[in-house]
Amino acid sequence: MTDIATMPQPVSFGRRVKRFMADRPLIPLIILLIILVVILQILRPGIVNERWLANTAKFAIPLAILAGCQTMTMLTGGIDLSVGTVATMSAFIMATQIVNQDPTVAFLLAMLPAVLIGLVNGIGVGVFRVHPLIMTLGTSLIGTGFLQVYQRTVIASGAKIPDFLNWLGTGVTYGFPNALLLFVPVAVLIVFTLNRTGFGRLLYAVGDNERAARLSGVRYWQVITALYVLSSLLAGITGLLYIGLIKAPSLSLAEPLVLPSVAAAVIGGTSIFGGRGGYTGTIIGALILTVLTTLLTILQMPEGGRRILFGFIVLFVTAAYLRIVEDR
Amino acid sequence: MTTNPLPQNPLLDATGVAKNYGAVAALRNASLSVLPGEVHALMGANGAGKSTLVKILTGAINADAGRILIRGQQLDVRSPAAARRAGLLPVYQEPSLIPDLDVLSNLRLTRTPVEPFRAWVRELGIPNLDIRDTARDIPLAILRVLDLARALAVEPDVLLLDEMTAALPANLAEKVLEVVRRQGDAGRSVIFISHRFVEISALCDRATVLRDGSTVGVVDIEPGVEERIVEMMLGTRIEKTRVGARTANDVAAASGGRPRLSVRNLQLGTKLNDVSFDLANGEVVGVFALEGQGQDELFAALAGSIRPTGGTIDVDGAPVKFSHPSDAIQAGIAYVPGDRTEALAMQRSVRENIALPFSAGLRKWGPIRMRREQVVVSGAIGRLQIDTRAQGEVQRLSGGNQQKVTIARWIAANARTILCFDPTRGIDVGTKQEIYKLLRELAGQGKSVLFYTSEMEEVQRVCDRVIVIFGGRVVDTFSVEEADEPALMRAAYGLPRGARADVGILADVRPASDAEAAS
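Treat the numbers as computed from the prediction; the structure is a model and nothing was measured.

> So, the overall build of chain B: which residues are in play, and what are the values?
When helices and strands are counted, chain B shows 19 helices and 20 strands. The buried share of chain B, reckoned over its 519 residues, is 49%.

> Go over the overall build of chain A with me, naming the residues and quoting the values.
Within chain A, the secondary structure is distributed over 14 helices and two strands. Along the three orthogonal principal directions, the C-alpha set of chain A runs to about 75 × 55 × 35 Å. Per-residue burial for chain A yields a buried fraction of 47% across its 328 residues. Across chain A, every contact between residues at least 6 apart in sequence was considered, and the portion connecting residues at least 24 apart equals 77%.

> Any details on the domain arrangement of chain B? Residues and values, ideally.
Residues and elements named next belong to chain B. We note that the domain assignment places domain 1 (12–239 + 505–518), domain 2 (242–332 + 417–483) and domain 3 (343–360 + 368–415) within chain B. If you average the C-alpha positions of domain 2 and of domain 3, the two centres end up 23 Å apart. Domain 2 puts twelve residues into the contact, and the matching count from domain 3 is eleven residues. Where the side of domain 2 that touches domain 3 is concerned, the elements lending two or more residues are α11 (325–330), β17 (417–421) and α16 (429–444). Across the side of domain 2 that touches domain 3, the residue classes tally to five nonpolar, five polar and two charged.

> Describe in detail the sheet that holds strand β13 (residues 284–289) of chain B, supporting the description with residues and values.
Residues and elements named next belong to chain B. Pairing is mixed in the open sheet, where six strands are placed in the order β16-β17-β18-β13-β19-β20. Looking at the sheet topology across the chains shown, the edges are occupied by β16 (333–336) and β20 (473–479). Direction aside, neighbouring strands of the sheet carry axes that sit 20° apart on average. In the packing of helix α10 (residues 295–302) onto the sheet, contacts are made with β13, β16, β17, β18 (448–453) and β19 (465–470), and the angle to β17 comes to roughly 155°.

> Residue-level account of the interface of chain B and chain A, with values.
Contact residues are listed per partner, giving 34 residues for chain B and 26 residues for chain A. At the level of secondary structure, the elements contributing two or more residues to the side of chain B that touches chain A comprise α11, α12 (340–343), α13 (350–359) and α15 (399–412) of chain B. Ranked by residues supplied to the side of chain B that touches chain A, first place goes to α13(B) with four residues. Residue classes in the side of chain B that touches chain A are distributed as 18 nonpolar, eight polar and eight charged.

> Let's hear about the pairing of strand β14 (residues 310–315) of chain B: which residues, and what values?
All names here are of chain B. Inspection of the sheet shows strand β11 (residues 261–268) paired to β14 by five bridges, in the antiparallel sense. Across the sheet, R264 pairs through a bridge with T312, a residue of β14. Examined bridge by bridge, β14 and strand β15 (residues 318–320) share three bridges and lie antiparallel to one another. Following the sheet pairing, V315 is matched in β15 by A318.

> Talk me through the packing of α13(B) against helix α14 (residues 370–384) of chain B; I want residue IDs and the actual numbers.
All names here are of chain B. Packing of α13 against α14 leaves a shortest axis separation of 10 Å and a crossing angle of 110°. What the angle tells us is that α13 and α14 run roughly perpendicular. In the crossing of α13 with α14, the sense of the turn from one axis to the other is right-handed. Where α13 approaches α14, its residues V350, R351, I354, A355 and F358 are matched on the opposing element by E373, V377, A380 and I381. For the contact of α13 with α14, a count of residues per class yields seven nonpolar, no polar and two charged.

> Could you give an account of α15(B), naming the residues involved and the relevant values?
All names here are of chain B. In a regular helix each residue adds 1.5 Å, so 14 residues correspond to 20 Å; α15 covers 20 Å between its end C-alpha atoms and thus fits that length. Counting buried residues along α15, 13 of its 14 residues qualify, which places the element largely inside the surrounding structure. Within two residues after α15, N414 carries a phi angle of roughly 60°, on the positive side.

> Provide a residue-level description of the packing of helix α5 (residues 103–126) of chain A against helix α6 (residues 132–153) of chain A, including the pertinent values.
Residue and element names in this part refer to chain A. The contact between α5 and α6 brings their axes to 9 Å, and the two run at 150°. On the basis of their axis angle, the class for α5 and α6 is roughly antiparallel. Remark: the crossing between α5 and α6 carries right-handed chirality. Contacts from P113, I117, V120, N121, G124 and V125 of α5 reach α6 at P132, M135, T136, T139 and G143. For the contact of α5 with α6, the class distribution of residues is six nonpolar, five polar and no charged.

> Lay out helix α11 (residues 220–246) of chain A in plain terms, naming residues and giving numbers.
All names here are of chain A. Across its 27 residues, α11 extends 38 Å between first and last C-alpha, which sits within 8% of the 39 Å expected from 1.5 Å per residue. Here α11 lies mainly inside the structure; 20 of its 27 residues are buried. Where α11 terminates, the next one or two residues include K247, which has phi positive at roughly 65°.

> Just give me the short version of the sheet that holds strand β12 (residues 272–279) of chain B, but keep the residues and values in it.
Residues and elements named next belong to chain B. Spatial strand order, β12-β11-β14-β15: four strands in an open sheet with antiparallel pairing. At either end of the open sheet lies a strand with only one pairing partner, and these are β12 and β15. On average, each strand axis in the sheet is inclined to that of its neighbour by 25°, with strand direction left out of account.

> Hey, could you go over unusual backbone geometry for me, with residue numbers and the actual values?
Unusually for a residue other than glycine, A:R129 sits at a positive phi of about 55°. If you check the backbone angles, B:D422 has positive phi at about 45° while not being a glycine. By secondary structure assignment, the location of B:D422 is in the loop between β17 and α16.

> Which residues make up the nonpolar core, and what values go with them?
Counting residues in hydrophobic clusters, the biggest one holds 250 residues, and the most contacted among them are B:L419, B:F451, B:V468 and B:L488. When residues in this core are grouped by element, the largest group, 13 residues, is from α11(A). Among residues more than four places away in sequence, those in contact with B:L419 are B:F299, B:L302, B:A303, B:I333, B:A334, B:Y335, B:V336 and B:L450.

Reading the values: the criteria
- Residues numbered from 1 in each chain as written.
- Chains lettered and ligands numbered in written order.
- Predicted model: local features only at pLDDT ≥ 70, side-chain atom pairs only at ≥ 80, totals over all residues.
- Helix = DSSP H or I, 4+ residues; strand = E, 2+ residues; numbered from the N terminus.
- Buried ≥ 20, exposed ≤ 12 C-beta atoms within 10 Å, placed from the backbone.
- Contact = placed C-beta atoms within 7 Å.
- Domains from an automatic or database assignment.
- Nonpolar A, V, L, I, M, F, W, Y, C, P; charged D, E, K, R; others polar.
- Pairing = 2+ DSSP bridges.
- Axes fitted to C-alpha atoms, helices over the stretch in contact; angles between N-to-C directions.
- Parallel < 35°, antiparallel > 145°, perpendicular 65-115°, else oblique.
- Left-handed = near helix turned anticlockwise from the far one by under 90°.
- Expected span 1.5 Å × (residues − 1).
- Core = buried A, V, L, I, M, F, W, Y, C linked by C-beta atoms within 7 Å.

In structure tokens:
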């Protein structure tokens, strides 16, 4: 019995291209991104300049970090729908506590709900085996409820955006958005964690075959709890960045980013069934979605039409991408 | 064989039945002929083709060749429903009631008449069943009896019972056997699949014996016939296989010191009963058993996957309690499951799969020392000669190479004890040889191996000793010199060692049941 995969067989050009794409799944994504930018440039000549690039990066970064949360949870076969609420809570608490608290205290207070929600998610999914979709949706609703209660208590003191977050969210230095100072380390950390640490290995292993991981001595609940806490922390930090960008604290601040963050991870090639994917693809996925949004905005379509088109394009891109990359 | 010429025409007559799965022939030339009013045993060792034949008869799968006649009519059983219409009804080992429905709804689903069902349930020794109970809340043993009652209630011409008494407590098993016996007396036929000679002798009129997918004999059940049945199941393989030569080194390693693993009175529900044995350093102990005799549970308990309900496990003389596989791994005990899909992350690389246990502990979640890992992993890959041309994803590897990866993981982790559950199932001959050699080498290095196998010849190739499990008990222990195939086969069927036909269990049972029939 010889190994089928290694049997020499004549390969057509189309198949070779497919093989190539399957081995380097980033390439079709980058090609798609370039095509979108070119279309944009054709529709509105001159729009692609330094300022546009900086702006695109600024809006893509919060999406990309939240999509990082989705990437990591999806690798284990899960999902984290509470990232929107967590980001909103951190942002809202930061903006209201900074008014009469020390910045460090305000920061710690802002990250507290993130840790708590992450812990509850992790224990719910890892120990009690609640489906991640339901678990994170539930904690998301609970978090929103608490935020509404909290809002009444601080209604008198008002809110302000700390200067530092303002600088981080919107500032540009030498043509580079300051948000990159946060994003580059975060991205490096996520990529490193996934590829070069024991924890990252376990995320893939648990998502691919939980039973095999168990037989190798992996305790599922530990991995899952740590994962959801990490995901929540990242979401909380994203919230702080995002409030610096949007500058208007509200109770649904980051909510519109949740589903695009899932879409960015899926477009980026992470399998929703677990075990497959990576963060670099997700970053490009977030960029693609951001450029796509710009593109649809300048078409000056009514909002409804834009959404319909956005949905169709996301579906089409994902389906096409999986067809290209899946080599079987 | 010695079939008495009986006047009746067979109720069910299957001849020349064959079934191939790809290149593997599950059935070559099976035949089975059941007379009206007969309880007919279907026997064969592991992999002889019993379950394939049963599935074909009940329409669960279709045969590639062969002819099935029911009451002389050629029949095309293409689906379970068709088999049912033809009067053939199976009761499988797995309970078939839908867990979330109550018993009554389950009956309606199969259009089973309720009153006869109730009568049979009472008959089978369950006086107070509430048919409004949800199936999920009913214990397994009762569910199996309900399955039987449900089959009896529709009065099938041929009832097909697969290991009907397995997992039943003695009192229920007795009732079941009694009812089955009366079915025969009432003129209906029963095909009775069992590994237990005691039941077969008490119950059956004739037996059909399968070996390697073919029917090798039909015998009347009479005192002393169990020896002939064992011979038939073994076929020509009775001559002793050569014991693999052990070097002086191996023998030296195996002797001396306290046992590496010492199991005493291990108990696990109804599956394991009072299992005790030792595993020394440098020793390969074989476990031989027919399917479902408790070997799965034994390995799971030793691997920390399930908790035993009683008994003790000592590692290096110190008692241990495993609540998770990681506890067993901590104690240096690694489990290689028979099913590769249970052990491998199929979409991940060979390297990641081998290195998986390294990252398992909380303290090892940090950065991986890639260079060192590379050295350890390639050492294990080299030792097992894994073909790494397709190492990007384990699922692209051949079955044999996948199996090697599951073992290489524990070579890399330097586990002191390896529990191998049928590691050579479904892999090519060359790889099998390599695995035998590897296991011997491990023993030579002072490691210990517990080796369950479903192929008797492997015992001779690999093991120093072999324990035989039957019905959740260790029924015998052989040194490799004694463990020839007839001895193993007899022990696996629960036959006492060295017993001859005239003192065989059939001799005790048959007169009793005859006397009963006469009164």
